[in-house]
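# A closer look at the structure
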Amino acid sequence: SIENFNRVLKHCYLRGKRVKRLDKTLFSILNLLQDKLFDLIIKIKRGKLVKKLQILRDRHKTSFLIDSEHVSKLNDKQWQVLSSTFSELYTVTKIANCRTCALQCLHCNSCFHEYICTCLDSSIKNNMCKHIHSVARSNSPTECTAVDDVQEMPISDVMAEISCTKNLRSLEEEKTKMLSELQELVLGIDSLEGIDCLRNAIKPVKPTLMALKEKEKLEFKVTCTEEEQRKRRITPQERFFSTRKHHKSDKAPVQDQTLALAMSLLHPPPESKE
């Protein structure tokens, strides 16, 4: 979501600081996009298992709870399967012959779209249920075994494979290629104006390369203290009430004085007669 993206950008890449410069913000956004693309490459290399395919393999395991004797053939395209609890009888129907689908059970030699069943797992949840696997196992010419869990590629192997692809290009090969390109470019110039144009284009390259070499030597030191740095990174919470302490006034009457004043007003003293 947008809030999650904003939170990651602010606290992980901008370090909670209030950035006023646009170039630093764009640089942080580019770093965030680079990390997201790198995570996507890792997911592709690891071959993340599809949820439907995982459910299909789980149903293949549970289908071994149903004995082959509990599967009875009605005709060429229909079978009746007794449930594992011996309480229900389900009908499995073959509707198509599909071998090009990605959701295939290689152990049963059947496809996700090849059979339908009257159980809730197939008719409501649209899964290849254990009854379909039982029928497919009974029709398979080879003996089926229980499928093991698929082990995903460890992250260390993925990182090693990606790092190897980065080191394919060597520095000497790139230098040789660049020299050949520049040589072809210079030999193709047939006027002094072209030479001047090329010379003006090469002028800013030298200081850029020098700055690139000096960049690694620079060390940025934090001059502010830890307390100041903490205050800069954390946005203060807005307050909707006054934080001033209200001191009691010395002129305010105490409880005894208030009670005496109230009694004097209710029972005024009698007037003296001369």
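Residues numbered from 1 in each chain as written. Predicted model: local features only at pLDDT ≥ 70, side-chain atom pairs only at ≥ 80, totals over all residues. Heavy atoms only, no water.

In the nomenclature of an unreviewed UniProt entry, the protein corresponds to SWIM-type domain-containing protein from the organism Cuerna arida.

### Description of the pairing of strand 3 (residues 89–94)
The pairing of strand 2 (residues 78–82) with strand 3 spans five bridges and is antiparallel. Following the sheet pairing, Q78 is matched in strand 3 by T93. Two successive antiparallel strands, strand 2 and strand 3, enclose a turn made up of six residues, where F86 displays a positive phi of approximately 60°. With three bridges joining them, strand 3 and strand 6 (residues 115–117) adopt antiparallel strand pairing. Across the sheet, residue V92 finds its bridge partner in strand 6, namely C117. (Pairing = 2+ DSSP bridges. Helix = DSSP H or I, 4+ residues; strand = E, 2+ residues; numbered from the N terminus.)

### Overview of helix 3 (residues 51–62)
Between the first and last C-alpha of helix 3 there are 17 Å, a value that for 12 residues agrees with the 16 Å anticipated at 1.5 Å per step. Every buried residue belonging to helix 3 is among L53, I55, L56 and H60, and all of these are buried. Axial view of helix 3: buried residues confined to an arc of 160°, hence all on one face. Against the buried residues of helix 3 lie strand 4 (104–105) and helix 5 (130–139). (Expected span 1.5 Å × (residues − 1). Buried < 20%, exposed > 50% of the residue type's maximum accessible area, 1.4 Å probe, protein only. Arc of directions from axis to C-beta. Contact = heavy atoms within 4.5 Å.)

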